[in-house]
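# Reading the structure
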Amino acid sequence: MELDPPYISRTHVLTMPTPKSLDQKLSRIAADSSCRDFILADAKDPDMAFGVSALGVRRTANGENAGFRSVQEFHAQIREIVAERLVDIMLMSVSTSDALALRE
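First, a word on scope: everything that follows refers to the structure included in this document. (Residues numbered from 1 in each chain as written. Predicted model: local features only at pLDDT ≥ 70, side-chain atom pairs only at ≥ 80, totals over all residues. Heavy atoms only, no water.)

## Quick look at the overall build of the protein
What counts, and what does not: The way it works is that DSSP assigns letters per residue, a run of H or I at least four long becomes a helix, a run of E at least two long becomes a strand, and they are numbered from the N terminus. Classification of residues uses two cut-offs on accessible area relative to the type maximum, computed with a 1.4 Å probe and protein chains only: under 20% is buried, over 50% is exposed, and between them is partly exposed. Residues count as neighbours in contact if any of their non-hydrogen atoms are within 4.5 Å of one another. Areas reported here follow the Shrake-Rupley algorithm with a probe of radius 1.4 Å; residue values treat only the protein chains shown as occluding.
The secondary structure content of the protein amounts to three helices and six strands. Each helix and strand of the protein, ordered N terminal to C terminal, gives the series β-β-α-β-β-β-α-β-α. A total of 104 residues make up the protein; the buried ones form 17% of that total. A separation of at least 24 residues holds for 42% of the contacts in the protein among residues at least 6 apart in sequence. Only carbon and sulfur atoms are counted for the fraction: they give 57% of the accessible area of the protein, which is about 8200 Å².

Set out below in structure tokens:
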């Protein structure tokens, strides 16, 4: 069965996926190796080591230490970075990926 965009099924409408910046950049690099594109990755996997302290320190408005960030704050920071669309690849642990990519 052939469908035209937006792909319509009996249960819901599937829209065309948004082109990923990584795919676009890789295409340009493959087409022209002298292009000035680069791939920006952000590693967010500190939860793989060092326990609670790995998620970073929470700071007050005047820069004082307010304890360690919670997992919820850590996930919120990742959401903000992804929403800004500044990185091409977000590297994260399996547990963080499960919480953000699969459950949301």
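## Some thoughts on the nonpolar core
As a reminder, the rule being used: Buried Ala, Val, Leu, Ile, Met, Phe, Trp, Tyr and Cys residues form a nonpolar core when they are joined through side-chain atoms within 4.5 Å.
One finds Leu55, Phe74, Ile78, Ile81, Val87, Met90 and Leu100 forming the largest nonpolar core, which totals seven residues. Those residues in contact with Ile78 that sit more than four places away from it in its chain are Lys44, Met90, Thr96 and Leu100.

## What about the environment of Lys20?
In this structure, Lys20 sits in the loop between β2 (13-14) and α1 (21-31). Along the primary structure Lys20 and Ile89 are separated by 69 residues, whereas in three dimensions their C-alpha atoms are 9.6 Å apart.

## Quick notes on the environment of Ser97
The residue Ser97 is located in helix α3 (residues 94-102) in this model. Along the chain, Ser97 and Asp45 lie 52 residues apart, while their C-alpha atoms are 9.6 Å from each other. Residues in contact with Ser97, not counting those within four places in the same chain, are Met92 and Leu102.

## With respect to the side chain of His75
If you trace the backbone, His75 turns up in helix α2 (residues 71-84). The class for His75 is buried, based on a relative accessible area of 11%. With residues near it in sequence (within four places) discarded, His75 still touches Thr96, Ala99 and Leu100.

## A short note on the pattern of salt bridges
What counts, and what does not: Here, a salt bridge means any side-chain nitrogen of Lys or Arg that lies within 4 Å of a carboxyl oxygen of Asp or Glu.
With the rule as written, the count across this model stands at four salt bridges. A salt bridge links Lys44 to Asp42, with the nearest nitrogen and oxygen atoms 3.8 Å apart. Judged by relative accessible area, Asp42 falls into the buried class, the value being 17%. The shortest N-O distance in the salt bridge between Arg58 and Glu73 comes to 2.8 Å. Here Arg58 is found in strand β4 (residues 57-59), whereas its partner Glu73 is found in helix α2, with 15 residues between them in sequence. For Arg58, a relative accessible area of 30% translates into the label partly exposed. Residue classification places Glu73 among the partly exposed residues on the basis of a relative accessible area of 29%.

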